[in-house]
Amino acid sequence: MRPSAVRLLNILVPIKRAVDYAVKIRVNPEQTGIDLNVKHSMNPFDEIAVEEAVRIRERLKDAVKSIKVVTIGPPKSAETLRTALAMGADSAVHVEIPESAPAPEPLGVAKTLKALIERQKDSVDVVILGKQAIDDDAGQTGQMLAGLMGWSQATFASKVIVDPEQKVANITREIDGGLEELRCKFPVIITTDLRLNEPRYASLPNIMKAKKKPVEKLTAAELGVDLTPRLETIKVTEPPKRVGGGKVANVDELLARLKQAGVTGKRA
Amino acid sequence: MASKATRLRALALYKELHRLGRDYEPSYDFHGKLRRLFEKNRNLSDDEEIEKALRFGEYIKNETLALYSLRKYRHLKRMYPSNSVSDT
C-alpha cells in the first residue's frame, strides 16, 4: 500500500529554438550578430532536458502528473514545441514574440518563466532546461530563474534521480574538479549537461499525434514581462584566423625567435 | 502485396525513411536508393519474404538513426568538451 496522497509531480521544460548544431556560424555583414537565415532546431541541451523529463516519467510512472514544455520565440518556434510534444511532453506553452523582435535575453527569459510558473494552477515541482543555448552560450537562464524564484538549483547535471515521496532530487553535477552530488528539495531547477542522456528520435507517428496535444499561446505583455534587451551589442567579429607556425633550424634560432617575440628568460 | 496490413507497414516505413533521408549526405542519394530498393520489392507475395524486407527496412532506419545520433554527439562533444579531471 502506498502512503497516502503523495501530490503528483509537475515538470516544466523550457526549450529554445536555436541555430542548428551542424550550421557553420557566420557573422553578418553589419557585424551586429550572426547570420540567422540558417537552419534552426531545438537546442541540443534542451532536447536532453525533454528526454530527461520523459525518462523521469518512465521511471516514476503515475507519480508524474504533467510534463509541460514552454518556449519564447517567433511563430516558427511552434515547430520546436511540436518536436518536444512528439518526444513525450503532454502540453506546451508558446510565448510568441514578433518575427522582427530581437532575441530575448536570459534575464528576460527567466522573468517570463517566473511569471508563467506563478500563473500555473498546479504548482511546478521540477524545472529542467539546457545548461546553455548553442547559439549564444550564455548559460545563465537556469541560474537566474533559480535566483528569481528563490528555488534550489543543480546545474550541469549528469545524473538525476527524483524521489517524489521525499520531494527531493539527487543530482550529480559535472564540475571542474570532477563530479559533485547534491540533494535538492523541491521545487528545483536543473540544467542539463551533455552526458545526462541520449535524446530519443521523434518518430513520424509521434509527430502526427503531437498535433493533437494542446499548445497555449501567450504574449510577454500578458505575463507582465518586458523583453526589451538591456544589453547593447556593439560589435561581433570572427576570431582571428589561425596563423601557421614556423619551423626553426636549431636551438640558437629558437632563442633568437623567442627573443624577437619578446619572450625573455628573466627571473621573476 | 500480401495484405492491407503489410501495405500500411511498408508505406509507414517508406515515409519514415524518406524523412530520415533528408539529413543524409546528399552525394549518397539516399532518396534515390530508398525508392529503388522499395520498387525492387514491390511484387513480393510470400509472407516470409515481405517480413524479411520490412525487417531490413527497420534495420536501415535504426542504423541511420544511430549514425545521426553519433554525428551529433561527436560534434557537441567537440564543442563542449568534458572537464579534464572528471571521469566522464
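Look above for the structure.
Basis of the calculations
- Residues numbered from 1 in each chain as written.
- Chains lettered and ligands numbered in written order.
- Predicted model: local features only at pLDDT ≥ 70, side-chain atom pairs only at ≥ 80, totals over all residues.
- Heavy atoms only, no water.
- Helix = DSSP H or I, 4+ residues; strand = E, 2+ residues; numbered from the N terminus.
- Buried < 20%, exposed > 50% of the residue type's maximum accessible area, 1.4 Å probe, protein only.
- Areas by Shrake-Rupley, 256 points an atom, 1.4 Å probe, with all protein chains shown as cover.
- Lys, Arg positive; Asp, Glu negative; His and termini not counted.
- Charge placed at Lys NZ, Arg CZ, Asp CG, Glu CD.
- Patch = residues over 30% accessible without salt bridge, like charges linked within 9 Å, V, L, I, M, F, W, Y side chains within 5 Å.
- Salt bridge = Lys/Arg side-chain N within 4 Å of Asp/Glu carboxyl O.
- Core = buried A, V, L, I, M, F, W, Y, C linked by side-chain atoms within 4.5 Å.
- Contact = heavy atoms within 4.5 Å.
- Polar contact = N/O pair within 3.5 Å; in protein donor to acceptor, adjacent residues only side chain to side chain.
- Pairing = 2+ DSSP bridges.

(A) Fine view of the overall build of chain A. Regarding its fold elements, chain A presents six helices and eleven strands. C-alpha extents for chain A along the principal axes are approximately 80 × 45 × 35 Å. For chain A, with 268 residues in total, the buried portion stands at 44%. Accessible surface, chain A as shown: approximately 15,100 Å² in total, 53% of it carbon and sulfur. When the 41 positive and 35 negative side-chain charges of chain A are each reduced to one mean point, those points stand 2 Å apart.

(B) Main features of a negative patch on the surface. A surface patch of negative charge is lined by Asp46(B), Asp47(B), Glu48(B) and Glu49(B). Note that Asp46(B) resides in the loop between helix 2 (30-40) and helix 3 (47-79).

(C) The pattern of salt bridges, seen in detail. Residue and element names in this part refer to chain A. One pass over the structure, following the stated rule, counts 25 salt bridges over all chains. For Lys 16, the salt bridge is made with Asp 136, and the minimal N-O distance between the two is 2.9 Å. Of this pair, Lys 16 sits in the loop between strand 1 (9-15) and strand 2 (17-19) while Asp 136 sits in the loop between strand 6 (126-130) and helix 4 (141-149), and the two are 120 residues apart along the sequence.

(D) Structural view of the nonpolar core. Residue and element names in this part refer to chain A. Grouped together as the largest cluster of nonpolar side chains are 44 residues, with contacts concentrated most on Ile 11, Val 13, Val 50 and Ile 171. Looking at this core, the element that brings in the most residues is helix 1 (residues 44-60), giving seven residues. Contacts of Val 13, omitting those with residues within four sequence positions, involve Ala 49, Val 50, Ala 53, Ile 67, Lys 68, Val 69, Val 70 and Ile 128. The next biggest cluster of nonpolar side chains, apart from the first, holds 25 residues, and it includes Val 109, Val 124, Leu 145 and Trp 151.

(E) Spatial organisation of helix 6 (residues 251-260) of chain A. One side-chain oxygen of the residue at the start of helix 6 of chain A lies 3.2 Å from the amide nitrogen of Asp252(A), identifying that residue as Asn250(A). Once helix 6 of chain A finishes, Gly262(A) follows within two positions and takes phi at roughly 90°, a positive value.

(F) Summary view of the pairing of strand 6 of chain A. All names here are of chain A. Strand 6 sits mainly inside the fold: five of its five residues count as buried. When strand 1 meets strand 6, the two strands line up parallel, connected through two bridges. Within strand 6, the residue paired with Leu 12 across the bridge is Val 127. In the sheet, strand 6 pairs with strand 10 (residues 188-192) via five bridges, with the strands oriented parallel. Looking across to strand 10, one finds that Leu 129 is bridged to Thr 191.

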